[in-house]
Amino acid sequence: MRTKGGLARLAAVIAVAGLSACVAPKEKPKPGAIRINENPFPSTYHPYGGVPTLIRNATILDGEGGRIDNGSILLVNGKIEAVGGADLGAPEGAAVIDAGGKYVTPGIIDVHSHLGDYPSPGTASHSDGNEATSPARPEVWAEHSVWPQDPGFSRALANGGVTSLQILPGSANLFGGRSVTLKNVPARTMQGMKFPGAPYGLKMACGENPKRVYGSKNQMPQTRMGNIAYVRQTWAKAVEYDRKWDKYEKVGGEIPVRDLAMDTLRGVLDGKILVHNHCYRADEMANMIDVAKEFGYRIASFQHGVEAYKVADLMRENGICGALWADWYGFKMESYDAINENLAFVHNAGACAIVHSDDANGIQRLNQEAAKAIAAGRRAGVNISEEVAWTWLSSNSARSLGIFDQTGSLKAGKMADVVLWNGNPFSAYTRPDKVWIDGALLYDAANPKLRPVSDFELGQPGEGDVK
Amino acid sequence: MRPARRLSPIGMIGIVCGLAGAFIGYKASAQTVAITNGTVVIGDGSEPIQGGTVVVRNGRIVAAGPGVAIPGGAEVIDANGKWVTPGIVAGFSRLGLAEVDLGADGSDDTDTGNSPFSAAIDVTPAVNPKASTIAVSRTDGVTRAVVAPVAGRSIFAGQGAVIDTGDDMEPILRARAFQFVEMGEGGAGRAGGSRSSTFVLFRNALREARDLGGLRYQPLTGRQQIDPQQAEVPYEEQPNPNLLSRDARRSEDVLLTRFDAAALVPVVRGRQLLLVHVERASDILNVLGLRREFPSLKIALVGASEGWTVADRIADSGVWVIASALNDLPASFEMLAATQSNIGRMRAAGVKVAIGTIDDDDTRDVRNQRQYAGNLVALAKVPGAAGLSWGEAFAMISSRPAEAVGLGREIGSLATGRRGDVVIWSGDPLELDSAPEAVWIDGVRQPLDNHQTRLRDRYRSLERKALPEAYRK
């Protein structure tokens, strides 16, 4: 799968960006002198740090398909210092953990979560995931709905071993808005959780949801053809907007009127923002691939892709990941053709498969979902090893989010986002034993003090309990 | 645009009119089957038995365990390396009521919101034995399910059934096995907006039923203690048709329709189980307290996410609890204390517990109950958590839900005389990589293919062939 150049470009833009004021014309206005600040809500996340830690005698799944039995991994200064065999030494003063053969994996990355946007408790006043006031709302950013005190984050950490996650807007709209990628570290603000340097995503949606939401209001779209027409018209505007700004940036002149919705779409057309397209049906995925080609953008992932197995070849050819469930089915017409072999078949066709949750409970068991999926694959004659299946939980996820250069596998120099499991993580009988994020030990099953409690839970029944 | 909702005949499903016997749809096989050499799980809470034998004859379990003799003429199936268990019982579900939940009007019989009736509603005619959800569940080893109606406008949802998932046209094991009522947040909304209104609505409904049934008002007085509920779950085979006749006089001071009041007569008499959905600790205690005013009520709690905080008092009451296994989020204000240790802690306190899927994709995901049960075994290794033994966890998805609805002598275990619902698994059924290899219901071998497996076979390969995919059958 490709890695997008968007990240580097984004960083470059951030470096030169001042907020849209400050022009200092000397003789004549410089072409493209004014730049839009592409990062007005910058990450303030700082790793919490930890002692150098050597985990030895572990079964290591490196997240890229590699496996080391009796392996060792060394975490220093928030990074993975080294991964190796029994001979890997520890620096002076390092904490040494004997894993006793238990599994060490990269932290799980969920590419489809609504934690914070649809938090617990799920009251109407907490319902912040769908700006269902127009089918195209690319101007809204999921990060501005994230309530960092959602108790669901801590469950995903302690029970699920989830170290990073993408928060997406809902699928009521054809263009739902921007997503945000977070480190799963408790913070007072969204910015305090924001994954440094992660590119934005754009949530798009096919199918039943947009046409139901707007069709029931007697608005467009009311049909699937309405969906596509609306999407194309919106992209056509975005292309025009992009042209105007490109021209301004190259040759100057009158500064174009700023449009927040179009800013997001321009970011997509420029390859800086990654499209995550909620789409269930095979025929609709094919349509969206053609729309993307027509307007010159790429789709990073199909979300849910319940029929991805029917078009896995198309997904492979177009470099599109499928973020999938193991076994959800039938809850609406477009999920009627779900099969348990979806992940295995998509993987087997050479496309990029990801296990996702879309659910505050499911996010606590993504490893188990992967286990069900490989088992279904094996029964259908597709043999996928545990170490390869872990790519569905970390490296493929990281690639689809544009953060694979920083996390998603156990390679030297990457963020020390690591889970030590108390058994084989493909078993129902296994739970996280310890979870590190950027080398900081943020969950330890044996230590009640390392069990995060959100503000909401303080003083409530069950505060600080094992959950 | 979707057509406006109208009062449809489906909204009036199953007004009590059955003349059916206790067990309809009993279609047993006369064949004798002996499954040998397997790891045998009885399902009663005991641990698995290595190298056991299970014998099924005339649709019933003859014997299961070590050293069981193989009858002459039996079909012998070697289950070496496999696990043999009773079929999974879905403890609380809507299985068979909906083919598709959203945007497929007509295929979903869970919604009774436009019905003028409530307690009288009976899910029986809505259960479609050919629903794809039933075939999918059967393929994953679920052989029986407790099927509850969904509450419409009233707190009383109506009467639920216990069904089998067999590939035949007789899905109902027990019709009208229980009445289902919403008494927590879900009840408050339907009762007028608050729990205060729920409880008075409930009490009035039972008063009307009592009057219609000609029963006396005999609340406990003063310091009289509520007796622990007896283990025996009652069942009234035949609703009293006279209650519907014009000779059965009613006061003019009534809220319920005659059908609804008549349907609650067995409840107030203690002749029909009342499943009560509550989550919050205080709601649980208030519901248990209803037996002071209505001493004959036979209650089982559904949900009870905060049950562990009042586990001793639930245990003392003797009522069953059918709980979701893995609720651990304060998803609403009635489950702030939710934890995955709820079931383990209740069990340790002596509460009788079974696993169900309460408001958790309950029309189709009952097959994941075994995963949930496995997760409760996992908790035994987590410091501070309360887990279950393997045998107990399995019992909570087999014999315990059967007992909770009064069918412990019929289904849910491999004890002698139980129905011949048997599954041969490729391995440990609570593990994620195991799958059924053979399923019997009432001793009848079941097909294990369904819409999903057929799609799998069609799309194994995406290579272009001589004819389109539609010709691959």
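Residues numbered from 1 in each chain as written. Chains lettered and ligands numbered in written order. Predicted model: local features only at pLDDT ≥ 70, side-chain atom pairs only at ≥ 80, totals over all residues.

## What about the overall build of chain B?
Point 1. From N to C terminus, chain B includes eleven helices and 16 strands.
Point 2. Since a compact globule built from 473 residues should have a radius of gyration of about 23 Å, the 23 Å found for chain B is in line with a globular shape.
Point 3. Expressed as lengths along the three principal axes of its C-alpha atoms, the size of chain B is roughly 70 × 55 × 45 Å.
Point 4. Taken across its 473 residues, chain B has 58% of its residues classed as buried. (Helix = DSSP H or I, 4+ residues; strand = E, 2+ residues; numbered from the N terminus. Rg over C-alpha atoms; globule rule 2.2 N^0.38 Å. Buried ≥ 20, exposed ≤ 12 C-beta atoms within 10 Å, placed from the backbone.)

## Quick word on the overall build of chain A
Point 1. Looking only at helices and strands, chain A has eleven helices and 16 strands in total.
Point 2. Across the 467 residues in chain A, those meeting the buried criterion constitute 58%.
Point 3. In chain A, the share of contacts with a sequence separation of at least 24, taken over all contacts with a separation of at least 6, comes to 70%. (Contact = placed C-beta atoms within 7 Å.)

## Overview of the sheet that holds strand β12 (residues 321–324) of chain A
Residue and element names in this part refer to chain A.
Point 1. Taken in spatial order, the eight strands line up as β6-β7-β8-β9-β10-β11-β12-β13 in an open sheet, and their pairing is mixed. In this open sheet, the two strands that pair with only one neighbour each are β6 (108–113) and β13 (352–355). Adjacent strand axes in the sheet meet at a mean angle of 25° when their direction is disregarded.
Point 2. In this sheet, strand β8 (residues 175–183) lies alongside strand β7 (residues 162–167) in antiparallel orientation, the contact comprising four bridges. Each residue of the ladder has a partner; that of L165, found in β8, is L182.
Point 3. Against the sheet, helix α9 (residues 366–379) makes contact with β6 and β13, and its axis sits at roughly 130° relative to β13, the strand it touches most. (Pairing = 2+ DSSP bridges. Axes fitted to C-alpha atoms, helices over the stretch in contact; angles between N-to-C directions.)

## Section: the confidence of the model for chain B
All names here are of chain B.
Point 1. When the pLDDT values of chain B are averaged, the result is 92; 94% of them are 70 or greater.
Point 2. Here residues 1–22 is a poorly scored stretch, pLDDT under 50, and it has 37 contacts once near neighbours within four places are set aside; other chains count.
Point 3. Reported confidences for the modelled complex are a pTM of 0.93 and an ipTM of 0.93. (pLDDT = per-residue confidence, 0-100.)

## Thoughts on the confidence of the model for chain A
Point 1. Taken over all residues, the pLDDT of chain A has a mean of 94, while the share at 70 or more is 94%.
Point 2. The low-confidence segment residues 1–22 of chain A, where pLDDT is below 50, has 37 contacts with residues more than four positions distant or belonging to other chains.

## Quick word on the interface of chain B and chain A
Point 1. Opposite the 47 residues of chain B that make contact, chain A presents 54 residues.
Point 2. Elements represented by at least two residues in the side of chain B that touches chain A include exactly α1 (132–139), α8 (369–378) and α11 (451–458) of chain B.
Point 3. Here the side of chain B that touches chain A takes five residues from α8 of chain B, the largest share from any one element.
Point 4. Considering only residue class, the side of chain B that touches chain A consists of 23 nonpolar, 13 polar and eleven charged. (Nonpolar A, V, L, I, M, F, W, Y, C, P; charged D, E, K, R; others polar.)

## Considerations on unusual backbone geometry
Point 1. Put simply, S120 of chain A and P121 of chain A share a cis peptide bond, and its omega is -10°.
Point 2. Its location among the elements puts P121 of chain A in the loop between β6 and α2 (152–158).
Point 3. Between M220 of chain A and the following residue, P221 of chain A, the backbone shows a cis peptide bond with an omega angle of 0°.
Point 4. Considering the arrangement of structural elements, one finds P221 of chain A in the loop between α3 (208–215) and α4 (224–251).
Point 5. At A304 of chain B, a position not held by glycine, the phi torsion is positive, near 55°.
Point 6. Summarising the element assignment, A304 of chain B is placed in the loop between β11 (299–303) and α6 (311–317).

## Some words on the packing of α4 of chain A against helix α5 (residues 260–269) of chain A
All names here are of chain A.
Point 1. Running from N to C, α4 and α5 cross one another at 80°; their axes reach a closest spacing of 9 Å. Judged by the inter-axis angle, α4 sits roughly perpendicular to α5. Judged by residue contacts, W235, K237, A238, V239, Y241, D242 and W245 of α4 engage M262, L265, R266 and L269 from α5.
Point 2. For the contact of α4 with α5, the per-class residue count stands at eight nonpolar, no polar and three charged. (Parallel < 35°, antiparallel > 145°, perpendicular 65-115°, else oblique.)

## Section: the sheet that holds strand β8 (residues 156–164) of chain B
Residues and elements named next belong to chain B.
Point 1. Read across the open sheet, the eight strands follow the order β6-β7-β8-β9-β10-β11-β12-β13; overall the sheet is mixed. Edge strands, defined here as strands with exactly one partner in the open sheet, are β6 (88–93) and β13 (352–355). Here the average twist between neighbouring strands, direction ignored, is 25°.

## Considering the packing of helix α3 (residues 195–212) of chain B against helix α4 (residues 258–268) of chain B
Residues and elements named next belong to chain B.
Point 1. Running from N to C, α3 and α4 cross one another at 90°; their axes reach a closest spacing of 8 Å. The angle between α3 and α4 places the two elements in the roughly perpendicular class. Each of A205, L206, E208, A209, R210 and L212 in α3 lies in contact with α4, whose residues at this interface are A261, A262, L264, V265, V267 and V268.
Point 2. For the contact of α3 with α4, a count of residues per class yields ten nonpolar, no polar and two charged.

## Considerations on the nonpolar core
Point 1. I73 and V346 of chain A together with L301 and V321 of chain B are the most contacted members of the largest nonpolar core, which totals 282 residues.
Point 2. Sequence-distant contacts of L301 of chain B, defined by excluding residues within four places in its chain, comprise V276, V278, I284, V287, V319 and V321 of chain B. (Core = buried A, V, L, I, M, F, W, Y, C linked by C-beta atoms within 7 Å.)

## Some words on the pairing of strand β2 (residues 49–57) of chain B
Residue and element names in this part refer to chain B.
Point 1. Judged from the five bridges that link them, strand β1 (residues 33–40) and β2 form a sheet pairing that is antiparallel. Looking across to β2, one finds that V33 is bridged to V56.
Point 2. When β2 meets strand β3 (residues 60–65), the two strands line up antiparallel, connected through five bridges. When the sheet's bridge partners are listed, T53 is paired in β3 with G65.
Point 3. The turn joining β2 and β3, which pair antiparallel and follow one another in sequence, is formed by two residues; a positive phi near 50° is taken by N58.

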